[in-house]
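What follows is each chain in one-letter form.
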Amino acid sequence: ELVESGGGLVQPGGSLRLSCTASRRPISHYGMGWFRQAPGTEREFVAAISGSGGTTYSADSVKGRFFISRDNTKNTLYLQMNSLKAEDTAVYYCAAAYGASIKTVEADFGSWGQGTQVTVSS
């Protein structure tokens, strides 16, 4: 089971750090990712990281602003979000991929959290 936390209301230009903790299986065995879904839109890829943490990849829309990381000793995935914009407003989901390599396609992820709301507004 994956549980996200850290969402909330933040002003444009602000920062938030999302966390995703796994309670049943060691996440070190899995590539992990963050996705988001804004109202009226499809869920979209945000960032991904390999099981070891050695490889990361981010969507162009967040590159240089969002940073994905993981602490396998704490069984936790993170998403540091900086310079937030109104268009970053969405429900953010963490997900565990099939296998330890990095994945970016939604269909390659088998376990999902319930999501955490991020709202960027003044």
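Notes on the structure in this doc start here. Everything numeric in this text was worked out from a predicted model, so none of it was measured.

All right, on to the sheet that holds strand β7 (residues 66-71) then. Taken in spatial order, the four strands of this open sheet run β1-β3-β8-β7, and their pairing is antiparallel. Edge positions in the sheet fall to β1 (2-5) and β7, since each of these pairs with one other strand and no more. Taking the axes of each pair of neighbouring strands and ignoring which way they run, one obtains an average angle of 15° across the sheet. As defined by bridge partners, β7 adjoins strand β8 (residues 76-81) across six bridges and the pair is classed as antiparallel.

This structure, assessed with the given rule, holds one disulfide. Through a disulfide, C20 is tied to C94; the S-S separation comes to 2.0 Å. Around the S-S axis, the bridge from C20 to C94 shows a dihedral of about 50° and counts as right-handed. Here C94 lies in strand β9 (residues 90-97) and C20 lies in strand β3 (residues 16-22), a separation of 74 residues in the sequence. With a relative accessible area of 0%, C94 lands in the buried category.

So, how was this worked out
Numbers given to residues run from 1 along each chain, matching the order in which its sequence is written. Confidence filtering applies because this is a predicted model: local features only for residues at pLDDT of at least 70, side-chain atom pairs given and counted only at 80 or more, and all residues used for totals across whole chains, interfaces and linings. Heavy atoms from the whole structure form the basis of all side-chain values; hydrogens and water molecules are not counted. In this description, strands pair whenever DSSP reports at least two bridges between them. The numbering of helices and of strands both runs from the N terminus, where a helix is a DSSP run of H or I of at least 4 residues and a strand a run of E of at least 2. For helices, the fitted axis covers only the stretch in contact; all axes are lines through C-alpha atoms, and the angles between them, taken along N-to-C directions, range from 0 to 180 degrees. Count a disulfide wherever a pair of cysteine sulfur atoms falls within 2.5 Å. Exposed residues in this analysis have more than 50% of their type's maximum accessible area, buried residues have under 20%, and partly exposed residues fall in between, with area computed by a 1.4 Å probe over protein chains only.

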